[in-house]
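# Examination of the molecular architecture
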Amino acid sequence: MNREEALARIKAEVMAADWRLNRRRAEGLRLALAALAGELAGRRSLGLLVEMAKAALVCQERYGESAPPAVLDFLKQVLARLVDLLEDEVISAERDAEIFNRVHTRFLELRLLLASGQVGRS
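These lines cover the structure that appears in this document, whether it is placed above or below. All values derive from a computational prediction rather than experimental measurement.

### Details of the nonpolar core
Ranked by size, the top nonpolar core spans 33 residues in total, and within it Ile10, Leu49, Phe74 and Leu75 carry the most contacts. It is helix 4 (residues 69–87) that contributes the most residues to this core, 10 residues altogether. Excluding its chain neighbours within four sequence positions, the residues that come into contact with Leu75 are Leu21, Leu29, Ala53, Ala56 and Leu57.

### Focus on the pattern of salt bridges
This structure, assessed with the given rule, holds 11 salt bridges. The salt bridge partner of Asp84 is Arg95, with a shortest N-O separation of 2.5 Å. In this pair, Asp84 is assigned in helix 4 and Arg95 in helix 5 (residues 93–115), connecting sequence segments 11 residues apart. Via salt bridges that share partners, Arg9, Glu13 and Arg25 belong to a single interconnected network.

### Overview of the packing of helix 1 (residues 3–15) against helix 4
Interaxial distance between helix 1 and helix 4 falls to 9 Å at its minimum, and their mutual angle equals 140 degrees. Relative to helix 4, the element helix 1 lies oblique. The element helix 1 and its partner helix 4 pack so that their crossing is left-handed. Within the contact between the two elements, helix 1 uses Arg3, Leu7, Ile10, Lys11, Glu13 and Val14 and helix 4 uses Lys76, Leu79, Ala80, Val83, Leu86 and Glu87. Looking at side-chain class alone, the contact of helix 1 with helix 4 contains seven nonpolar, no polar and five charged residues.

About the cut-offs
Residues numbered from 1 in each chain as written. Predicted model: local features only at pLDDT ≥ 70, side-chain atom pairs only at ≥ 80, totals over all residues. Heavy atoms only, no water. Core = buried A, V, L, I, M, F, W, Y, C linked by side-chain atoms within 4.5 Å. Buried < 20%, exposed > 50% of the residue type's maximum accessible area, 1.4 Å probe, protein only. Helix = DSSP H or I, 4+ residues; strand = E, 2+ residues; numbered from the N terminus. Contact = heavy atoms within 4.5 Å. Salt bridge = Lys/Arg side-chain N within 4 Å of Asp/Glu carboxyl O. Axes fitted to C-alpha atoms, helices over the stretch in contact; angles between N-to-C directions. Parallel < 35°, antiparallel > 145°, perpendicular 65-115°, else oblique. Left-handed = near helix turned anticlockwise from the far one by under 90°. Nonpolar A, V, L, I, M, F, W, Y, C, P; charged D, E, K, R; others polar.

Have a look at this one:
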């Protein structure tokens, strides 16, 4: 999958009205993220955003229907940020770092939620 196809797949997922993530869509995201991972070697914060997206995707698949909505919400947020940064004409290390820090903080909050054992509780 090339960069354009990967971005199109990610954009489609971000824009999807259906917030459930079936196996076919998850696999498409996994391939898109893998395609971008190699390309982002020079932009460390974007590479780390890809890794956080992969972790959220694994978590969503692991918990399935019982996953807290925050997992898919986070996944969509990090995907939207990736698209935004990749389509930006001007590469700014400061902007990359600022967005990374915001998303990373949210990622840590999500990890704490999952570690608290509240997953799947009503």
